[in-house]
Amino acid sequence: MSIKLLKNAFITALEIPENEINDQLCYSQHQQWDSTGHMILIAEIENAFDIMLDTDDIIDMSSFLKAQEILGKYEISFN
Amino acid sequence: MKKRVVITGASSGIGKACAYWFASQGWQVFIHGRDEAKLQALSTDLQKKYAIECSLFSADLTDSSTIKPLIQQANKSLGGLDALVHCAGSMVQNSLAMIKEQEIDQQFNLHLKSSLLLAQLCSRLMLRNKKGAMVFVSSTVANQGAVGQALYSAAKSGLHGMVKSLAKELGPHGIRINAVAPGFIETSLVSDYSTDKRLQLAQATSLKRLGKADEVASAIGFLASEQASYITGQILPVDAGLTI
C-alpha cells in the first residue's frame, strides 16, 4: 500500500509514467526531477502520507530508494 | 469552502487586528502568539463575534524548533492552508554601540529566520493546491533607515530580498509573496514614545497622524485575498505618505 502511495506521489509530482519509477530513479538524473520537481514531489509525499518532513530529509531524498528509507523514519513501512 | 489563514503575532497589535479582519471576512483563522491567555481570549471573542473556527498555538518564534509544530498543528486544525500572515515581531532600538550580540541573534531569528522557515513549510502546504499567498510585515525603516534602528532595519530590509526572491521562485506554482511596510502605527512597539515624539512623527506624514493597526490589517488582508491575485513580490507602504 505504501509503495503504491509513494509511486503515485512520484507520478503526480514529476509527471512521469509508472514504468520509469524504480529504485534507480535519481534526483537530477531524470529530466523531470529537477529542483522544481523536487519541491512539488515533497509536497505530494507529505500530502500522501500526512507528514511534514525535516529539511535534512528533504535534501537527502535523492532517489526513489532513498525516499523509502527516509520515510521509514516517519514510521512508514515498505515491506 | 472557507479560506484558511495562519496569523503569527496575533496576541496584540497588527497581528490581532489581522485576526479580526480575516474573521470578519469569514476565513478560518489559526492564531499564534507568545501569550496563551491573550490568544485564548482572542479566540473566544472571534468565535463569538463571527461564528468561525479559530485555533491557537503559543510559542516563541525565536526558537526555531517551535515553527514546524506550529505549522503541523495549523494544518491539522485547518485541513490545509490558503494564506500565511507573519506579524510576529519586536523592535530593538539602540544606538550602534549599545547593540548586544544576543539582540542581533534575537532580531535576525525573529524577523528573518522564522520568515524563511515559515515560508518553507507553508509553501509545501500551498503547493498541494498550487495556490496560496504569504504576507510579511516589514517597516518603512527597512528602506529609509532611522537613528537607533540599524539592527531592526537590517532585519526588515533582509525580508524585502526574501519576499522578492520567493515571489520569483514560487510564482510559477501559484503562490504569491508580498509584504507591507507600515509607518508609525499605534502598537506596543511604539508605546514608550513620548507625546512630543508622537506629534513629531505625525507631522512627518502627509495625513498628519499616526496609523491604527486595523488600517494595516486591511492592507494585509487585501494582499492575502483574491482581490490581489495579480500582485506578487511587492512591498506595500502603509505609512500615510511618510515615504513619498
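All figures in this text were calculated on a predicted structure; none of them were measured in a lab. Sequence positions are assigned chain by chain, starting from 1 and proceeding in written order. Think of it this way: whatever chain is written first is A, whatever ligand is written first is 1, and the rest follow in order. Given that this is a predicted model, residues contribute local features only at a pLDDT of at least 70 and side-chain atom pairs are listed and counted only at 80 or more, while totals for whole chains, interfaces and linings are drawn from all residues. Only hydrogens and water are set aside; all other atoms, that is, all heavy atoms of the structure, feed into the side-chain values.

S.K.: So what's going on with the overall build of chain B? Which residues, and what values?
M.R.: For helices the rule is a DSSP run of H or I covering at least 4 residues; for strands it is a run of E covering at least 2, with both sets numbered from the N terminus onward. From N to C terminus, chain B includes 8 helices and 7 strands. Radius of gyration here uses only the C-alpha atoms, and the compact-globule reference equals 2.2 Å multiplied by the residue count raised to the power 0.38. Against the globule reference of 18 Å for 244 residues, chain B gives a C-alpha radius of gyration of 17 Å, in line with a compact fold. With the C-alpha coordinates of chain B rotated into their principal frame, the extents come out at 50 × 40 × 35 Å. Accessibility here uses a 1.4 Å probe with only protein chains present; expressed as a share of the type maximum, an area under 20% marks a residue as buried, one over 50% as exposed, and anything in between as partly exposed. Taking all 244 residues of chain B together, the buried fraction comes to 52%. In chain B, of all internal contacts separated by at least 6 residues, the share reaching a separation of at least 24 is 73%. Side chains of chain B give 25 positive and 18 negative charges; the mean places of these two sets differ by 7 Å. Residues are treated as being in contact if the distance between any of their heavy atoms lies within 4.5 Å. In summary, the charge assignment counts Lys and Arg as positive and Asp and Glu as negative, without counting His or the chain termini. Charge positions come from single atoms, namely NZ of Lys, CZ of Arg, CG of Asp or CD of Glu.

S.K.: With reference to specific residues and values, describe the pattern of salt bridges.
M.R.: Here, a salt bridge means any Lys or Arg side-chain nitrogen found within 4 Å of an Asp or Glu carboxyl oxygen. Here the structure, examined in full by the defined rule, presents 11 salt bridges over all chains. We note a salt bridge from E69 of chain A to K66 of chain A, for which the minimum N-O separation is 3.2 Å. Separated by 3 residues within a single helix, E69 of chain A and K66 of chain A lie in helix α4 (residues 64-72), roughly one turn from each other. Take E69 of chain A: its relative accessible area is 54%, and that puts it in the exposed class. E215 of chain B is the salt-bridge partner of R209 of chain B, the closest N and O atoms lying 2.7 Å from each other. When salt bridges that share partners are traced, they join K3, K131 and E226 of chain B into one network.

S.K.: Let's hear about the confidence of the model for chain A: which residues, and what values?
M.R.: Low pLDDT means the predicted atomic positions in that stretch should not be read closely. For chain A, per-residue confidence averages 94 on the pLDDT scale, and residues scoring 70 or more make up 100% of the total. Of all the helices and strands in chain A, helix α2 (residues 35-49) of chain A carries the lowest mean pLDDT, 94, while α4 of chain A carries the highest, 96. The predictor's confidence in any single residue is recorded as pLDDT, a number from 0 to 100.

S.K.: Can you explain the interface of chain A and chain B? Please cite residues and give values.
M.R.: With 13 residues of chain A in contact, the opposing surface of chain B contributes 13 residues. Here the quantity called buried area is the total loss of accessible area, with a 1.4 Å probe, experienced by two parts when brought into contact, counted for both. Across the interface of chain A and chain B, roughly 1,200 Å² is buried in total on both sides, 58% from carbon and sulfur atoms. On the chain A side of the interface with chain B, the three residues burying the most area are M39, A43 and M52 of chain A, jointly 52% of the side's total. At the junction of chain A with chain B, the criterion picks out 2 salt bridges. Its salt-bridge partner being D54 of chain A, residue K68 of chain B comes within 2.5 Å of it at the nearest N-O pair.

S.K.: Go over the nonpolar core with me, naming the residues and quoting the values.
M.R.: We define the nonpolar core as a collection of buried residues of types Ala, Val, Leu, Ile, Met, Phe, Trp, Tyr and Cys that are connected through side-chain atoms lying within 4.5 Å of one another. Of all hydrophobic cores here, the largest spans 62 residues; its most connected members are F10, I45 and L53 of chain A together with M134, F136 and I177 of chain B. Among the secondary structure elements, those contributing two or more residues to this core are α1 (2-14), α2 and α4 of chain A together with α3 (67-78), α4 (101-127), β5 (132-137), α6 (150-170) and β6 (175-182) of chain B. Among the elements that line this core, the one with the most residues is α4 of chain B, at 9 residues. Excluding residues within four positions of it along the chain, L53 of chain A makes contact with I42, I45, E46, I58, M61, I70, L71 and Y74 of chain A together with K68 and R124 of chain B. In this structure, A19, I31, L42 and V238 of chain B belong to the second largest nonpolar core, which totals 35 residues.

S.K.: Tell me what's going on with the sheet that holds strand β1 (residues 4-8) of chain B, and back it up with residues and numbers.
M.R.: Backbone hydrogen bonds are what pair the strands of a sheet, in a parallel or an antiparallel way. Residue and element names in this part refer to chain B. Strand pairing is defined by DSSP finding a minimum of two bridges between the two strands. Ordered in space as β3-β2-β1-β4-β5-β6-β7, the 7 strands form an open sheet in which the pairing is parallel. Each edge of the open sheet carries a strand with a single partner, namely β3 (54-58) and β7 (235-238). Going from strand to strand, the sheet's axes swing by 15° on average, the running direction of each strand aside. What counts as an axis is a line fitted to C-alpha atoms, over the stretch in contact for a helix, and the angles between N-to-C directions run from 0 to 180 degrees. Here α3 sits on the sheet and contacts β1, β2 (28-33) and β3; the angle it forms with β2, its principal contact strand, is near 160°.

S.K.: Explain helix α1 (residues 13-24) of chain B to me, and be specific about the residues and the numbers.
M.R.: Helical geometry: 3.6 residues make up each α-helical turn, so side chains three or four residues apart lie on a common side. All names here are of chain B. Helix span, as expected, comes to 1.5 Å for every residue beyond the first. If you check α1, its first and last C-alpha atoms are 17 Å apart, about what 12 residues at 1.5 Å a residue would give, namely 16 Å. Every buried residue of α1 is accounted for by I14, G15, A17, C18, A19, W21, F22 and A23. Against the buried residues of α1 lie β1, β2, α2 (36-50), β4 (83-86), β6 and α8 (213-224).

S.K.: Before we move on, could you go through the pairing of β4 of chain B and cite the residues and values that matter?
M.R.: All names here are of chain B. Taking every second residue as pointing to the same face, both faces of β4 are buried, with A83 and V85 on one and L84 and H86 on the other. When β1 meets β4, the two strands line up parallel, connected through 4 bridges. Residue pairing in the sheet places V6 in a bridge with L84 of β4. Sheet analysis places β4 next to β5, joined by 4 bridges and oriented parallel. Note on β5: the bridge partner recorded for V85 is V135. Handedness of the crossover joining β4 and β5 through α4 is recorded here as right-handed. Whether a crossover is right-handed depends on one test, that the path from the first strand over the helix to the second runs clockwise when the strands point away from the viewer.

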